[in-house]
Amino acid sequence: MTSLTSADTERAGGASSWKGLIIQPAAIVVVLIGFVIWLNTAEISATEANTLAPDRILQYLGEHLALTFVAAAFVLVIAIPLGVLLTRKAFVKARGPILAVANFGQSAPAIGLIVLLAFWLGFGFWAAIVALVLYAVLPVLRNTMLGLTAVDERLIEAGRGMGMSAASVLLRVELPLAVPIMLTGIRTALVLLVGTATLAAFINGGGLGLLITTGVNLYLTNVLVAGSLLVALLALAIDWLGRLVEHIATPKGLS
């Protein structure tokens, strides 16, 4: 009997990972092509045709991407530095209260959170952004903390023993080793944002959710299905991009 070496196992795992990364976008493209064919051949009413016009779909898609990535940028700016801060000894006692606030943002019903903030901040894009940030900050904050606390203390002590400052140890030892876990949290947050951004339509925030609400309110089944399908495909595409970044950014010894 022959046994697999660690190199063989690593190559097999890498091939399997790349195979998964290829299959997902291929499936997305096939479904998207099928959607376009259906949209151009199906018998739809004039109202549905107007709502599903390519320029309108592209407009809603652009608004949806803006909601997702603007909110994601705020989440990263808030959650990563805060996660780093909460892993420092001087701020350990603040973990409980801050995580409780972050948990509240995600445990509260998303539609309720968005509507309440809209009444407070005014209806529109920025009220939706605030709600999305509150909803998606927890995965990034939690995974940043998990990634940093999972770093072997011996590696940190070795860095300090080499004369590195605390900032150098953080930037050159802790954060690079925490990257895989942190990226998983970021990918989770992005997928959450794509799905939750559909609710921005209820407060005039725009996005693909307008297709869903229009389909429900006017009993336009084709519009409802199209909007739901496009949101699902966008979420899968964002998830794939996140997985690709994870695969590329993860140090080889940790993959």
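Residues numbered from 1 in each chain as written. Predicted model: local features only at pLDDT ≥ 70, side-chain atom pairs only at ≥ 80, totals over all residues. Heavy atoms only, no water.

(A) Region of interest: helix α5 (residues 110–121). Along its twelve residues, α5 runs 16 Å from first to last C-alpha, staying within 8% of the 16 Å computed at 1.5 Å per residue. For α5, the set of buried residues is Ala110, Leu113, Ile114, Leu117 and Ala118. Around the axis of α5, the buried residues are gathered within 130° of arc, so they sit on the same side. Opposite its buried face, α5 presents the exposed residues Leu116, Phe119 and Trp120, each directed more than 90 degrees away. Each element contacted by the buried residues of α5 is listed here: α4 (95–107), α6 (125–149) and α8 (166–196). The first or second residue beyond α5 is Gly122, which carries a positive phi of 100°. (Helix = DSSP H or I, 4+ residues; strand = E, 2+ residues; numbered from the N terminus. Expected span 1.5 Å × (residues − 1). Buried < 20%, exposed > 50% of the residue type's maximum accessible area, 1.4 Å probe, protein only. Arc of directions from axis to C-beta. Contact = heavy atoms within 4.5 Å.)

(B) Fine view of the packing of α6 against α8. For the pair α6 and α8, the least separation of the axes is 7 Å and the interaxial angle reads 155°. Relative to α8, the element α6 lies roughly antiparallel. Of the two possible hands of crossing, α6 and α8 adopt the one that is right-handed. (Axes fitted to C-alpha atoms, helices over the stretch in contact; angles between N-to-C directions. Parallel < 35°, antiparallel > 145°, perpendicular 65-115°, else oblique. Left-handed = near helix turned anticlockwise from the far one by under 90°.)

(C) Representation of the packing of aromatic side chains in the model. One pass over the full model with this rule turns up four aromatic pairs. When the ring of Phe119 is compared with that of Phe123, the centres are 5.4 Å apart and the planes differ by 90°; the resulting orientation is edge-to-face. Note on Phe123: relative accessible area 44%, which makes it partly exposed. Here the aromatic rings of Phe125 and Trp126 are separated by 5.1 Å at their centres, their planes lie at 90°, and the arrangement is edge-to-face. (Phe/Tyr/Trp six-rings, centres within 6.5 Å; stacked < 30°, edge-to-face > 60°.)

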